[in-house]
Amino acid sequence: MVRNVAGLLPELEEEDFYLLSGVEQGMRFSEWVQREKLPKFANLPEEEVDYRLERCLKRGLIEKKTIQYEGYTLQFEGYDVLALRALVEQDTIAEFGSPLGVGKESDVYEVKSYKPLALKYHREGYTNFREVHKERDYTSDNDHVSWMYTARKAAEREHRILEELYPDVAVPQPIGQNRHAIVMEKMDGVELSRTRLEDAQVLGVLELLLSEMARAYAAGYVHADMSEYNVFVNEEGVKIFDWPQAVPTDHENAGEFLRRDLTNVVGYFRRKYPQHVPDDLASDDLARAIEAESFESLERYV
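Summarised in this report is the structure supplied together with it. (Residues numbered from 1 in each chain as written. Predicted model: local features only at pLDDT ≥ 70, side-chain atom pairs only at ≥ 80, totals over all residues. Heavy atoms only, no water.)

## Observations concerning the sheet that holds strand S6 (residues 116-122)
Pairing between the strands of a sheet comes from backbone hydrogen bonds, and it takes one of two forms, parallel or antiparallel. The sheet built from five strands is open, its strands ordered S4-S5-S6-S8-S7 with antiparallel pairing. Two strands in the sheet have a free side with no partner beyond their single neighbour: strand S4 (95-102) and strand S7 (174-178). Along the sheet, successive strands turn relative to each other by an average axial angle of 25°, direction set aside. Pairing of S6 with strand S8 (residues 181-185), which is carried by five bridges, proceeds in the antiparallel orientation. Bridge pairing in S8 links Ala118 to Met184. Contacts between helix H6 (residues 147-165) and the sheet are confined to S6, S7 and S8, with S7 contributing the most and set at about 160° to the helix. (Pairing = 2+ DSSP bridges. Helix = DSSP H or I, 4+ residues; strand = E, 2+ residues; numbered from the N terminus. Axes fitted to C-alpha atoms, helices over the stretch in contact; angles between N-to-C directions. Contact = heavy atoms within 4.5 Å.)

In C-alpha cells form, the structure reads like this:
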C-alpha cells in the first residue's frame, strides 16, 4: 500500500509543486530525470531547485539515484500529491477520508465534496510494470512507458468507459479524473464476495448481474475481469466496478472474454449456492443470448 499523502498538502508550497511537475515532465523522456534539466522542466532557478529537491526527498515524494548522472524520479506518493492537488483546485473534492479498499492495482479512499465520493488511485505497473505493460492494450502503442504512464492511461481509460456506460449500465457515476486518479460516486452496499444472500434472493441477484453484463455489451463493452470481487450488492440492486481492462465488443477476443466473465459469475453462484443454480446453466448459452442482445431473464435457462 502506498502512503496516504493527503496530510502533506497544507505544508507543501507552490514551488514544491513546480519541482514535482518538472520531474513529471522529464519522465516523459526518461525514467530518471537529469538534475541539470530540472531548472528548465520546473521553471525554477538553480538554487531553488536544490532547495525544493531537498524538501521533496525528505517527504518521500521523489527518489534520487546516481548512475552516469544525478537523476530524480517521482515516487507514487509524488504523483498522488500532484493529482490530489489538481482535483482540489478543480473543486472536485474538498475533504479526504479513510481508506475504502486497497488492492494490487488500486487504492480507494473516501473523499467529500457536495456528497461522499470515492477517490481511486490506479497503481498499475508499480510492482509488476513489465507484466502489465505486456498484457494491457493501453500500453502497447508507446515505446517509452513507465509505471506513471501505465497508471495514467488506466485511469483515463476507466473514466472514459464509465462515462460511456453510465447511467444505462449499473456502474459508479464518474465525477472527475486527473493523472492516475478517478473520482466517482461512493457505492453503497457490500461486495458480492462478502454477501450471504437469502435463498429467495440468489437467482434474482444473479439475473440482475447478468442483465447488467448484457446492457454493458449492448453499450459496446465486455468487462473482461468479472468476479465476485468487483460487484456491489444493496437493496436497490447490483453495481459493477473496476473497468480499466474492459474491451470493446468488436475486439477480436471479446467473445472469449465474455464467456470467461460468465463462467466466473455463474461458477461463483454455483459454488456458494449449489442448491439454487442448476448444473446445466451454460455460459455459452448465456453468451450467445447476450451477443444477440436477446437476454431478458433467467427463466429460459433454469
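## Observations regarding the sheet that holds strand S1 (residues 33-34)
The strand order S1-S3-S2 describes an open sheet built from three strands, whose pairing is antiparallel. What marks the edges here is a single partner per strand, and that holds for S1 and strand S2 (62-66). Across two bridges, the pairing between S1 and strand S3 (residues 70-74) is antiparallel. Looking across to S3, one finds that Val33 is bridged to Tyr72.

## Brief notes about the environment of Ala246
With respect to the helices and strands, the residue Ala246 is situated in the loop between strand S12 (237-240) and strand S13 (247-248). Residues Ala246 and Met27, spaced 219 residues apart in sequence, show a C-alpha to C-alpha distance of 27 Å. Those residues in contact with Ala246 that sit more than four places away from it in its chain are Arg157, Ile161, Tyr221, Val222, His223 and Ala224.

## As for the pairing of S2
Taken residue by residue, a regular strand's side chains alternate between the two faces of the sheet. As paired strands, S2 and S3 are joined by five bridges and run antiparallel to one another. Bridging across to S3, Lys64 finds its partner in Tyr72. Between the end of S2 and the start of S3, which pair antiparallel, lie three residues.

## Regarding empty space enclosed by the protein
Overall, the coordinates contain one cavity of 30 Å³ or more when judged by the stated rule. Considering only enclosed or pocket space, the largest cavity measures out at about 60 Å³ in volume. Looking at the lining of the largest cavity, the elements that each hand over two or more residues are helix H7 (202-218), strand S10 (221-222) and helix H8 (254-272). When residues in the lining of the largest cavity are grouped by element, the largest group, three residues, is from H7. (1 Å grid on protein atoms, 1.4 Å probe; cavity = no way out; pocket = protein on both sides within 12 Å on 5 of 7 lines; lining within 4 Å. Points joined across faces, edges and corners; volume = space filled by probe spheres on them.)

## Topic: the nonpolar core
Here is a general trend for soluble globular proteins: nonpolar side chains tend to be buried in one another's company. Counting residues in each nonpolar core, the largest one holds 45 residues, and the members touching the most others are Trp243, Phe269 and Leu286. When contributions to this core are tallied by element, the ones reaching two or more residues are H6, H7, S10, strand S11 (231-234), S12, H8 and helix H9 (283-291). With nine residues, the top contributor of residues to this core is H7. Sequence-distant contacts of Phe269, that is, excluding residues within four places in its chain, are made with Leu192, Leu197, Val202, Val205, Leu206, Leu209, Pro274 and Val277. Within the second largest apolar cluster, 28 residues are counted, among which are Val2, Cys56, Phe76 and Leu82. (Core = buried A, V, L, I, M, F, W, Y, C linked by side-chain atoms within 4.5 Å. Buried < 20%, exposed > 50% of the residue type's maximum accessible area, 1.4 Å probe, protein only.)

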